Amino acid sequence: MAELQQRFEFNAPGKYYVDTSCVHCELCHDIAPEHFTKTRLGEGFVHRQPAATSEFLLCDQALRECPVGAIGANGEEAIR
Ligand code: SF4
């Protein structure tokens, strides 16, 4: 398991989050723009948690494809 990184405070509460190992590549924004965005400094974060199955799949894809493993999915469950 990768070293635990600190989660960005900007993440919407819920299952998915971005941590401080983010390298600002913007891939997650491209994959799931409804769920991932960036700060003015380029840090990725989750701005809306998924609700529908298709949205969870997109977030899972972003998690898998993040080049540095900065996306986690073991936060609290999304509030529906
Ligand atoms: S894909 Fe990963 S490294 Fe790239 S912006 Fe998103 S969280 Fe950051």
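Residues numbered from 1 in each chain as written. Predicted model: local features only at pLDDT ≥ 70, side-chain atom pairs only at ≥ 80, totals over all residues. Heavy atoms only, no water.

### A look at the overall build of the protein
Turning to step 1, where the next piece is worked out: Broken down by element type, the protein carries 2 helices and 4 strands.
Turning to step 2, where the next piece is worked out: When the elements of the protein are put in sequence order from the N terminus, they spell out β-α-β-β-α-β.
Turning to step 3, where the next piece is worked out: Counting only residues that meet the buried cut, the protein has 44% of its 80 residues in that class.
Turning to step 4, where the next piece is worked out: Here the analysis covers contacts within the protein between residues at least 6 apart in sequence; of these, 58% occur between residues at least 24 apart.
Turning to step 5, where the next piece is worked out: For the protein, the computed accessible surface area is about 5000 Å², with 52% contributed by carbon and sulfur atoms.
Turning to step 6, where the next piece is worked out: Looking at the protein, you have 7 positive and 12 negative side-chain charges, and the mean spots of the two groups are 4 Å apart. (Helix = DSSP H or I, 4+ residues; strand = E, 2+ residues; numbered from the N terminus. Buried < 20%, exposed > 50% of the residue type's maximum accessible area, 1.4 Å probe, protein only. Contact = heavy atoms within 4.5 Å. Areas by Shrake-Rupley, 256 points an atom, 1.4 Å probe, with all protein chains shown as cover. Lys, Arg positive; Asp, Glu negative; His and termini not counted. Charge placed at Lys NZ, Arg CZ, Asp CG, Glu CD.)

### Topic: the nonpolar core
Turning to step 1, where the next piece is worked out: If you look at the biggest cluster of nonpolar residues, it comprises 15 residues, and the most contacted ones within it are Val 18, Phe 36, Ala 62 and Ile 71.
Turning to step 2, where the next piece is worked out: Taken together, the elements giving at least two residues each to this core come down to helix H1 (27-31) and helix H2 (53-65).
Turning to step 3, where the next piece is worked out: Among the elements that line this core, the one with the most residues is H2, at 3 residues.
Turning to step 4, where the next piece is worked out: Apart from the residues lying within four places of it in its own chain, the contact partners of Ala 62 are Cys 28, Ile 31, Phe 36 and Ile 71. (Core = buried A, V, L, I, M, F, W, Y, C linked by side-chain atoms within 4.5 Å.)

### Let's talk about the pattern of salt bridges
Turning to step 1, where the next piece is worked out: Taken as a whole, this structure holds 2 salt bridges when the rule is applied.
Turning to step 2, where the next piece is worked out: Its salt-bridge partner being Glu 26, residue Lys 38 comes within 2.7 Å of it at the nearest N-O pair. Of this pair, Lys 38 sits in strand E2 (residues 36-38) while Glu 26 sits in the loop between strand E1 (17-18) and H1; the two residues are 12 residues apart in sequence, bridging distant segments of the chain.
Turning to step 3, where the next piece is worked out: Of the residues examined, Glu 26 reaches a relative accessible area of 32% and is grouped as partly exposed.
Turning to step 4, where the next piece is worked out: The salt bridge involving Arg 48 is made with Glu 55; its shortest N-O contact spans 2.9 Å.
Turning to step 5, where the next piece is worked out: On the basis of relative accessibility, which here comes to 17%, the residue Glu 55 falls in the buried class. (Salt bridge = Lys/Arg side-chain N within 4 Å of Asp/Glu carboxyl O.)

### Overview of the site of the ligand
Turning to step 1, where the next piece is worked out: All residues in the neighbourhood of the ligand are listed as Val 18, Cys 22, Val 23, His 24, Cys 25, Glu 26, Leu 27, Cys 28, Cys 66, Pro 67, Val 68 and Ile 71.
Turning to step 2, where the next piece is worked out: Class assignment of the residues belonging to the shell around the ligand gives a composition of 10 nonpolar, 1 polar and 1 charged. (Near = heavy atom within 4 Å. Nonpolar A, V, L, I, M, F, W, Y, C, P; charged D, E, K, R; others polar.)

### Section: the confidence of the model for the protein
Turning to step 1, where the next piece is worked out: On average, residues of the protein carry a pLDDT of 90, and 90% of them reach 70 or more.
Turning to step 2, where the next piece is worked out: Taking the mean pLDDT of every element in the protein, the minimum, 94, falls on strand E3 (residues 44-46) and the maximum, 98, on H2. (pLDDT = per-residue confidence, 0-100.)

### Quick notes on unusual backbone geometry
Turning to step 1, where the next piece is worked out: Although it is not a glycine, His 24 adopts a positive phi angle of roughly 65°.
Turning to step 2, where the next piece is worked out: Along the chain, the position of His 24 falls in the loop between E1 and H1.
Turning to step 3, where the next piece is worked out: Residue His 24 is classed as partly exposed on the basis of its relative accessible area, which comes to 37%.

### Quick look at the environment of Gln 6
Turning to step 1, where the next piece is worked out: Tracing the backbone through its elements, the reader meets Gln 6 in the segment before E1.
Turning to step 2, where the next piece is worked out: Residues Gln 6 and Ala 62, 56 residues apart in the sequence, show an inter-C-alpha distance of 19 Å.
Turning to step 3, where the next piece is worked out: Leave out the neighbours within four places in its chain, and Gln 6 touches Asp 19 and Thr 20.

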